[in-house]
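This is what each chain is made of:
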Amino acid sequence: MTQRRRKVRSGIAVTLAAYGLMIAAALGLVTGCIQIVQDYRTQTKRDETFIQSILQISSSGAAEAAFQLDSDLAAEAIKSLMIYDFMFQVRISDERGAVLAEVRRAFEPSLLDRLTPLFSKPFRNYSIDLTNQSTRLNVGTLEVMVNQNTLLSDFYSRSVRSMLSGLLKNLILTLILLNLFYVTLSRPLSWLAEKLNRVDPRQPEPFDLPGSIGKAENEVTMVALSANSILAASRKHLQELEEANSKALKLDEKLRQSERLSVVGQLVGGVAHDYNNILAIILGNLELVRPERLTQAERKALERARSTVIRGADLAAQLLVFSRKQPLAPSIILAGDFLQELHKFSRPVLGEQHEFNFAADPDVWPCLADKRQLEAALLNLTINASHATPKGGKILIECFNARLDAEYCATEDTLEPGDYVCFRVSDTGEGMSETVMSHAFEPYFTTKPEGEGSGLGLSMVYGFAKQSGGHVKIHSQENVGTRVELYLPRSEQEADGQIPGMAHPHIAAGRENLSGKRILVVEDHPDVLEVVKDHLETMQATVITFTSGQDAIAYAQNNTPVDIAILDVILTDSMNGPDVKEVLSQLWPGLKTVFMSGYSEGILGETGRFDQNTILLQKPFSRQRLVEVLTQLNEVCDGP
Ligand SMILES: Nc1ncnc2c1ncn2[C@@H]1O[C@H](COP(=O)(O)OP(=O)(O)OP(=O)(O)O)[C@@H](O)[C@H]1O
Ligand SMILES: [Mg+2]
């Protein structure tokens, strides 16, 4: 946005001074004129009296000359009058009007003489009757013509001087006012206008007031202070807006990221589930082959195929962790002890060049999580930290209590405010760019060269944290380092160790002889069903198979109870494994059940955790694992 700068066209000081000058000049002119008119009247009266008195004084000599009809004497009397420069013409006449003597000056009109006829008569006549002293008779007339301009020349020059000095005074006063207005008004206002003109509306900044304005405490100071407080308020408002905006953007980005991760999780989980079914069929069939009947080379090929299936199963398990569908075995973990144990087996994965430290708050709360998964997660983070510091550096694993409030949790989906235990892995490595950070949790996202990283480490940490009701957060700065924080929910129970009956309990090597046992298997995938049936039959069990829960229930309604039911968790008809188990348990009380699943969703609910008496066969399972589970159930069935 371009800002239009305006220029001051007419300064206040100049305008005010011009008005001052005009008013003062007009007032000066009017009062000056009144004064001059009054002075003029006084002056003309005084001059008239003066001329009358001159004529009176000269009248005795002129009367004598008129009485004697003596022209010389008359000329003498006139001469005494002509010493006054304003006397233009003097004449003495006898009683009959005959001129005895007359003198008239030469007249060269001055500028004044040319101007004055405009408003007054240039000449004025005075006359006096001449009287003989002894006879008291009129003997003639003395007439004078006075040049008014000469008479009033002093007055005129005095008036002009006073007018000019008045004007000069006004001019000086105006200049002083002009300066005062400029200093106290125009200059500060121009400065203020300039400052406001320079304000960037996107980044309003209050400005410092110069001493002259700050100290003045006048109206301009008040306007400047008000402008400053408006600018400060706008700046604060804009900052708040910016913060809110960036918070909203971050929140939006986070939500989109977790939505993306959740979609990818669904996809990956689905693929892993199907993949596990396929692996279950392959593994089951491979294990049905009798190695003793094979040649050495065939046994090798069989073993290669088997170990490849196991590798595939490991990969599917990793994907299940990310998609939050890995069966978890949460136990109460005392973080201090846990970190000590972790130290022992994580040290060897790091190079000598790493400074590796652990720090646990002494009063850290117990937390609830799957211990093996937590170990795997922290190991993953430690390996990432060591990869980020190839030339060596500091790696620190800490553990402390954290209280996450509603404001913090608002930026994360499915995170509840409350008490958490935080495990933090920090390194002084290369750090991550914003782009890497925004993709780091995605499965198969890696910046490592082909073959060096699968890109599953952080996605597993993410899935584990989410599935455990916790949260994971990355703080990273390029060339400074990275902190990954893993928050797990605080446990209210103080006990340690595993919750009984959970997860993969250690099962002693099984017995393969199930003769006399009746086992019911429900599995909608015919190939999986087939392979499980084959294995069980090779163990001499009587196997009753169904591809739907409804058929199994129909069978149960008309038959005596079986010893064990093996149910797939997710079935294609309306009833899933857990629904079938519920009905079968009502029909056959005391029935022992094993679930099999490509993943744990369904029976394990949203969190994917076990309940007390659930045994899960995670597909693909080996014959050995099947035997272990069945042996354990048999022991329970048969009693010790
Ligand atoms: N501590 C760290 N410092 C810098 N970058 C990291 C750090 N941890 C993870 N990253 C970045 O995140 C990416 C993804 O990490 P993730 O652990 O998911 O996969 P990976 O380490 O590449 O492969 P792997 O599956 O072997 O763990 C890494 O490739 C790396 O770019
Ligand atoms: Mg990694």
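A brief report on the enclosed structure follows. No experiment lies behind these values; they were computed from the predicted model shown. (Residues numbered from 1 in each chain as written. Chains lettered and ligands numbered in written order. Predicted model: local features only at pLDDT ≥ 70, side-chain atom pairs only at ≥ 80, totals over all residues. Heavy atoms only, no water.)

As for the overall build of the chain
Thinking step 1. When you go through the chain residue by residue, the secondary structure sums to 17 helices and 17 strands.
Thinking step 2. Rg of the C-alpha trace for the chain: 61 Å, well past the compact-globule value of 26 Å for 640 residues, more than 25% over.
Thinking step 3. Dimensions along the principal axes, computed over C-alpha positions, put the chain at roughly 195 × 60 × 45 Å.
Thinking step 4. Looking at the chain as a whole, 41% of its 640 residues are labelled buried.
Thinking step 5. Long-range contacts, defined here as pairs at least 24 residues apart, represent 72% of the contacts in the chain between residues at least 6 apart. (Helix = DSSP H or I, 4+ residues; strand = E, 2+ residues; numbered from the N terminus. Rg over C-alpha atoms; globule rule 2.2 N^0.38 Å. Buried < 20%, exposed > 50% of the residue type's maximum accessible area, 1.4 Å probe, protein only. Contact = heavy atoms within 4.5 Å.)

Brief notes about helix H5 (residues 153-198)
Thinking step 1. Across its 46 residues, H5 extends 63 Å between first and last C-alpha, which sits within 8% of the 68 Å expected from 1.5 Å per residue.
Thinking step 2. At tyrosine 182, H5 shows its largest kink, close to 45°.
Thinking step 3. The inward-facing, buried residues of H5 contact helix H1 (12-67), helix H3 (111-115), helix H4 (148-151), helix H6 (211-216) and helix H7 (219-288). (Expected span 1.5 Å × (residues − 1). Bend = angle between axes of the 7 residues up to and from the residue.)

Some points on the packing of aromatic side chains
Thinking step 1. For the structure shown, the criterion picks out 16 aromatic pairs.
Thinking step 2. Ring geometry for phenylalanine 546 against tyrosine 555: centres 5.5 Å apart, planes inclined by 50°, an arrangement best described as tilted.
Thinking step 3. By relative accessible area, which is 18% here, tyrosine 555 ends up buried.
Thinking step 4. Each residue in the set Tyr40, Phe155 and Tyr156 is aromatic and connected to the rest through ring pairs, giving one cluster. (Phe/Tyr/Trp six-rings, centres within 6.5 Å; stacked < 30°, edge-to-face > 60°.)

What about the layout of surface pockets?
Thinking step 1. The space that makes up the second largest pocket amounts to roughly 880 Å³.
Thinking step 2. Residue assignment for the lining of the second largest pocket shows that the elements contributing at least two residues are H7, helix H11 (406-410), helix H12 (434-439), helix H13 (457-467) and strand S10 (471-477).
Thinking step 3. Among the elements that make up the lining of the second largest pocket, the one with the highest residue count is H7 (11 residues).
Thinking step 4. Along the lines of polarity and charge, the residues of the lining of the second largest pocket split into 11 nonpolar, six polar and 10 charged.
Thinking step 5. Residues from two domains meet in the lining of the second largest pocket; each of domain 2 (201-326) and domain 3 (330-498) gives at least three. (1 Å grid on protein atoms, 1.4 Å probe; cavity = no way out; pocket = protein on both sides within 12 Å on 5 of 7 lines; lining within 4 Å. Points joined across faces, edges and corners; volume = space filled by probe spheres on them. Nonpolar A, V, L, I, M, F, W, Y, C, P; charged D, E, K, R; others polar. Domains from an automatic or database assignment.)

A short note on H7
Thinking step 1. With 70 residues, H7 should reach 104 Å at 1.5 Å per residue; the first-to-last C-alpha distance of 100 Å fits that figure.
Thinking step 2. The backbone nitrogen of valine 220 lies 3.1 Å from a side-chain oxygen of the residue at the head of H7, namely asparagine 218. (Polar contact = N/O pair within 3.5 Å; in protein donor to acceptor, adjacent residues only side chain to side chain.)

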